Structures are given as structure tokens and as C-alpha cells.
Amino acid sequence: MENIAVLGSTGSIGTSGLDVISKFPDRFKVCGLSTNTNVELLRKQAKIFKPEAVCVSGGSGNKGKFGKIMVYEGEDGLCGMLRDVKIDTVLVGIVGSSALLPIITVLDKVKKMALANKEALVMAGGIIMNKAAKNKVTVVPVDSEHSAIFQCIGKSGREDLRRIFLTGSGGPLLKVKKSGFKDITVKEAVNHPRWKMGKKISVDSATMMNKGLEVIEASWLFNMGINSIEILIHPEAVVHSMVEFRDGAILAQLGACDMRIPIQYALTYPERLDSSIKGLDFSNIRELKFLKPDTKKFQCIDLAYEAGKRSGTFPSVLNASNEIAVREFIEGRIRFIDIPRIIEKVMGLHRGIKNPGLGDILEADKWARVKTKELLNK
Ligand code: MG
């Protein structure tokens, strides 16, 4: 039996992950679950999966609510649970930068990490990938595009790759004119046409910062320069990404928009097991379009490329400023069009550090949060 911990088990990735895990009771034993604040759902999950421990990382006062199960609390509590419990495989479904320290902690003990979180890789991809390599931890991406790229690369070496095509559906605002962006509501921004996801990533899809973050994520996962990664808008969302090899051959991965496919692949890798998810009906799809993104409309893409090229602490600043701006937008305090504006300003004020350590990265993250709030309050 494989001991598996699901971090962020009450979120979109976590619930899909537990659905996948429940299909293979002879293979996986859930040993740990964590939520930020959704204690009610965590209790339901704990009743079904009977983990050894759970963690409520965004709250306290929950000890005793889980019967005999060990309860950890707070962000330190999550790292504590990861140190104490025996874990073979971890599924990281936590959203945002708060995944970083848990990831660094759990890399000391697991054999495999199924990684859905992109923000930690954006901030500290070099540190994470080096630690994974040193500890011989297999990192299998869960983000649909990166899972596609991982599958296309297969057993080929880094030297065989020429280019990566990162596809994206274009999000809910693909057909909205730029002049209409100032009136975009939260409801419109989170209304993704293809994927059902959490709020933060849905807003990131609307600004297309999500695609920008994914470019940086891919550059770390696959050891590729930022300039070798190209974004393609692909509204049908049938091709989940493509890889071009040195001989000019291109491989693509296709499938339904169902996160359980990349999650299951990551959990069972290098094997493939049965699933009830249907394939595609190509005669119904009829056409596939691929377009260059409009970076005048979606300025976050250029900001992400710039942060990726400048590297060092810039991606952390990009990410932190974006997290704050998105939260302010969701809570109705700023407009949709303020998101790229504020991030650009904060990046312009940052004095970057080359080859940062974890301390520098966390410091830059903190600085950018304070700076973003300060500028927004003006
Ligand atoms: Mg994605």
C-alpha cells in the first residue's frame, strides 16, 4: 500500500484527487489530509478516508472534532504533520505561495510528489527542483498543460527538446474587447468556459496571468529557457500542450477537460490505470484553432515573461503582487484593470537578487505584499 497525503484536500484539486484515490482502495492508503479553513468538508473526508492525521492550516480550535485522528493546526502545524506522518506520495493541491514551505518540508521524505501548485515553483523553482533531484523525489506535474508536456517528453532527454507550446483556452474574456475590461465583474472573471476551478486561478485565467505563471512553472519543471516556451491560445481546449523536438517532430497530448486525468496519471505514474473518463469524439470537435495571445489586452503575460527573464527574486514579486491584487479584486476593492497596473508598478520598484536563497525569496514575497497594499491604499 502506498501512503498518500493530500494537501488542500477540500479544494478543487483535492476533491478530484480523493475521487481518483477512492477508485484504487488496494493501492492507496490516505495518511494525511489538510485544508485551509473548510473544516466541515475535512471532517466528512476524514470519516471516509480515515487518515492518521489532518491539518487545518488556516485556523485553530479544531482539536477534538476528529475523534482519534491527530489534528495539527496552523501553517507550522502543516509542516509538523508532514514531518511526523509516514508519507510515500504527496498530492499538493494547495493554492498560492503558502504551499512553498510544506513542499520544501515534504521533499525530505516522499518518493513522489504530484504537484498541482504553480506559485511555489514560480517563486522557488530552482530550490524545489534541486532538492527533489538531490533527494531522488519524482516530481510529476498535475497542472494540465504541464502534465501534457511531461507525457509528451516521455523518455526523451532535455537535449532533444527545441520548444514547448503551452496552450490555453484564452479564459472567459477572450472575446471581450479591451475597452470593456474596466467593467469586468468578479462573476464574469471567474466564469471559465472550459475548466471548473477555484476562484484565484479562475481570475488568473481571466487576466491570463495563469498562463504567464505556467510559462515560468514550465521553465523550472523542464529546464527550458523562458524564450523557448510559447503560449498558444486554443479555444477548444482539446490539445493540452505540445513539445517540439530537435528533429522538428511535434507531439501533443489531447483529452477531455477533466483534472482527474492528469491527477490519476501523476498518482499512478509511471503506470497507466483504467478510468471511466471518456475520450474525445473527434467528429464533434470538427476544428482546432491556435492563435497568438493578445498581450496588449492581457498585459499580465508580458509581465510574467519579464519576471521570468529577469529571474532571481522577480518571479516571487510578480506572484506575491498578483496574489494581493487578485484578492483585492475578488473582495471588490479594486477594478479588474488595476491588477496588471499594480503588479507592473511593484515590479518596477523591486531591486532583484540574483541566485536567491529561500530566505531572499520569502523576503521578496513579503516586500511585494506590503508594497502592493501600500500602493493600493494610496
Ligand atoms: Mg493549467
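Residues numbered from 1 in each chain as written. Predicted model: local features only at pLDDT ≥ 70, side-chain atom pairs only at ≥ 80, totals over all residues. Heavy atoms only, no water.

Caption draft 1: Representation of helix α10 (residues 260-268). In terms of burial, α10 is a largely internal element, 7 of the 9 residues being buried. For α10, every residue scored as buried is listed here: Pro262, Ile263, Gln264, Tyr265, Ala266, Leu267 and Thr268. (Buried < 20%, exposed > 50% of the residue type's maximum accessible area, 1.4 Å probe, protein only. Helix = DSSP H or I, 4+ residues; strand = E, 2+ residues; numbered from the N terminus.)

Caption draft 2: How the structure looks around the coordination of the magnesium ion. Protein ligation of the magnesium ion involves Asp143 (OD), Glu145 (OE) and Glu214 (OE), the donor distances falling in the range 2.1 to 2.2 Å. For the magnesium ion, the single-chain donor residues occur in sequence as D-x1-E-x68-E. Of this pair, glutamate 145 sits in helix α6 (residues 144-153) while glutamate 214 sits in helix α9 (residues 209-221), placing them 69 residues apart in sequence. A relative accessible area of 1% means that glutamate 214 is categorised as buried. (Donors = N, O, S within 2.8 Å, 3.2 Å for Na, K, Ca; no water.)

Caption draft 3: Spotlight on the packing of helix α13 (residues 314-330) against helix α14 (residues 338-349). In the contact formed by α13 and α14, the axes pass within 9 Å of each other and the chain directions differ by 145 degrees. In this structure, the crossing between α13 and α14 has a hand that is right-handed. Counted together, Phe314, Val317, Leu318, Ser321, Asn322, Ala325 and Phe329 of α13 and Ile339, Ile342, Ile343, Val346 and Met347 of α14 form the full contact between these two elements. Across the contact of α13 with α14, the residue classes break down as 10 nonpolar, 2 polar and no charged. (Axes fitted to C-alpha atoms, helices over the stretch in contact; angles between N-to-C directions. Left-handed = near helix turned anticlockwise from the far one by under 90°. Contact = heavy atoms within 4.5 Å. Nonpolar A, V, L, I, M, F, W, Y, C, P; charged D, E, K, R; others polar.)

Caption draft 4: A look at the packing of α13 against helix α15 (residues 358-377). With their axes 8 Å apart at the nearest point, α13 and α15 run at an angle of 40 degrees to one another. With respect to α15, the element α13 is oriented oblique. Here the hand of the crossing between α13 and α15 comes out right-handed. Where α13 abuts α15, its residues Ser316, Val317, Ala320, Ser321, Glu323, Ile324, Ala325, Arg327 and Glu328 lie against Ile361, Ala364, Asp365, Trp367, Ala368, Arg369, Thr372, Lys373 and Leu376. Grouping the amino acids of the contact of α13 with α15 by side-chain chemistry returns 9 nonpolar, 3 polar and 6 charged. (Parallel < 35°, antiparallel > 145°, perpendicular 65-115°, else oblique.)

Caption draft 5: Representation of the pattern of salt bridges. This structure, assessed with the given rule, holds 31 salt bridges. When the shortest N-O distance is used, the salt bridge between aspartate 108 and lysine 131 registers 3.2 Å. Note that aspartate 108 is positioned in the loop between α4 (100-106) and β6 (112-115) and lysine 131 in helix α5 (residues 119-134), a separation of 23 residues in sequence. Taken together, the salt bridges that share partners define one network made up of Lys118, Asp143, Glu145, Lys211 and Glu214. (Salt bridge = Lys/Arg side-chain N within 4 Å of Asp/Glu carboxyl O.)

Caption draft 6: Inspection of α15 at higher detail. For α15, spanning 20 residues, the distance from its first C-alpha to its last is 29 Å, which sits close to the expected 28 Å at 1.5 Å a residue. Listed as buried for α15 are Ile361, Ala364, Asp365, Ala368, Arg369, Lys371, Thr372 and Leu375. (Expected span 1.5 Å × (residues − 1).)

Caption draft 7: Up close: unusual backbone geometry. For the bond from tyrosine 269 to proline 270, the omega torsion is 5 degrees, close enough to zero to count as cis. Following the sequence through the fold, proline 270 ends up in the loop between α10 and α11 (282-285). One non-glycine residue with positive phi stands out, namely methionine 208, at about 70 degrees. Counting through the fold element by element, methionine 208 comes out in the loop between α8 (199-207) and α9. Positive phi, normally seen in glycine, also occurs at asparagine 223, with a value near 55 degrees. Mapped onto the elements of the fold, asparagine 223 is located in the loop between α9 and β9 (229-233). Take asparagine 223: its relative accessible area is 56%, and that puts it in the exposed class.

Caption draft 8: Looking closely at the sheet that holds strand β8 (residues 161-168). Spatially, 4 strands are ordered β9-β8-β10-β11 in an open sheet, and the strand pairing comes out mixed. Edge strands, defined here as strands with exactly one partner in the open sheet, are β9 and β11 (250-254). Taking each pair of neighbouring strands and ignoring which way they run, the sheet shows an average axis angle of 20 degrees. Bridge analysis of β8 against strand β10 (residues 239-245) gives 4 bridges, and the strand direction is antiparallel. Across the sheet, residue arginine 163 finds its bridge partner in β10, namely glutamate 244. Lying on the sheet, α6 is in contact with β8, β10 and β11; it crosses β10 at an angle near 40 degrees. (Pairing = 2+ DSSP bridges.)

Caption draft 9: Representation of the pairing of β9. Most of β9 is tucked away: 4 of the 5 residues are buried. When β8 meets β9, the two strands line up parallel, connected through 5 bridges. Residue pairing in the sheet places glycine 168 in a bridge with isoleucine 233 of β9.

Caption draft 10: Region of interest: the state of the cysteines. This structure, assessed with the given rule, holds 0 disulfides. In this structure cysteine 31 is not part of a disulfide, and its nearest cysteine sulfur, from cysteine 55, lies 13 Å away. The class of cysteine 31 is buried, set by a relative accessible area of 2%. Not engaged in a disulfide, the cysteine cysteine 152 finds its nearest cysteine sulfur in cysteine 257; these two sulfurs lie 15 Å apart. (Disulfide = S-S within 2.5 Å.)

Caption draft 11: Molecular detail of the packing of aromatic side chains. In total, this model carries 7 aromatic pairs according to the counting rule given. Measuring from ring centre to ring centre gives 6.4 Å for phenylalanine 150 and tyrosine 265, while their planes differ by 70 degrees; the resulting arrangement is edge-to-face. With a gap of 115 residues between them, phenylalanine 150 in helix α6 and tyrosine 265 in helix α10 connect regions that are remote in the sequence. Each member of the pair, phenylalanine 150 as well as tyrosine 265, carries the same accessibility label: buried. Taken together, the ring pairs in this structure connect Phe181, Phe298, Phe329 and Phe336 into an aromatic cluster. (Phe/Tyr/Trp six-rings, centres within 6.5 Å; stacked < 30°, edge-to-face > 60°.)

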